[in-house]
Amino acid sequence: MINVAFVCLGNICRSPMAELVFANMIKERGLSSSFCVSSFGTSDEEEGNPIYPPVKRTLIMHGIAGNHTAKQLSLKDVINNDYILVMDGRNLLNVMHLTGGKYSEKVFKLCSFTDNPRDVADPWYTRDFEQAFADVEDGCKAFLEFILREKAELINYNNTH
């Protein structure tokens, strides 16, 4: 089982979008049993809130359904996940602050796996939910390809047992 956590600031826009996009990708490929996917925010300001309605509408327009309730990232969450995929440099710094700099080997910007490394712009501020979706989708596809190369034996084992 590969544990993946997506992280943004409030856990109502980018990280739940990434969680649902990635979960949909692995489901379409028959890999759901090999992954545990979650998302968190570095802040507690949105804790308990649902996905931001424009994000939910954007996901539905792309054929992706799902619900989510915002929760704050804890040190235990970092420890218990194999990959912590943050949306931007600020999220990266917040995670490093939370961990005291430990566990950096498992913390990556989501779009660092793409051919065009970048931050996923926050649609809360940009209001461009389609661009956020495109960045998230690009990052998730590239990350999945990375995992399929790096963890092929584990995934094959999970799918045959």
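In case you missed it, the structure is sitting above this.
Source: prediction; values computed, not measured.

Novice: What's the story with the pattern of salt bridges in this structure? I'm lost.
Specialist: Pairing between side chains of opposite charge can happen when their charged atoms approach one another. As enumerated under the stated definition, the model contains 6 salt bridges in all. Across the pair Asp88 and Arg14 runs a salt bridge whose closest N-O atoms are separated by 2.9 Å. Here Asp88, found in the loop between strand 3 (83-86) and helix 4 (89-99), pairs with Arg14, found in helix 1 (residues 14-28); they are 74 residues apart in sequence, far enough to count as distant. In this pair, the class of Asp88 matches that of Arg14, namely buried. Where salt bridges share partners, they join Arg14, Asp88 and Asp122 into one cluster.

Novice: Is there a simple way to think about helix 4 in this case?
Specialist: In an α-helix, one turn spans 3.6 residues, which is why side chains three or four residues apart end up on the same side. Asn91, Val95, Met96 and Thr99 are the residues of helix 4 that are buried. Viewed along the axis of helix 4, the buried residues span an arc of 135 degrees, placing them on a single side of the element. Among the exposed residues of helix 4, those pointing more than 90 degrees away from its buried face are Arg90, Leu93 and His97. Here the buried face of helix 4 lies against strand 1 (2-8), helix 1, helix 3 (75-80), strand 3 and strand 4 (107-109). Of the residues flanking the start of helix 4, the one acting as N-cap is Asp88, its side-chain oxygen 3.0 Å from the backbone nitrogen of Arg90. Two residues or fewer past helix 4, Gly100 is found with a positive phi of approximately 65 degrees.

Cut-offs applied
- Residues numbered from 1 in each chain as written.
- Predicted model: local features only at pLDDT ≥ 70, side-chain atom pairs only at ≥ 80, totals over all residues.
- Heavy atoms only, no water.
- Salt bridge = Lys/Arg side-chain N within 4 Å of Asp/Glu carboxyl O.
- Helix = DSSP H or I, 4+ residues; strand = E, 2+ residues; numbered from the N terminus.
- Buried < 20%, exposed > 50% of the residue type's maximum accessible area, 1.4 Å probe, protein only.
- Arc of directions from axis to C-beta.
- Contact = heavy atoms within 4.5 Å.
- Polar contact = N/O pair within 3.5 Å; in protein donor to acceptor, adjacent residues only side chain to side chain.

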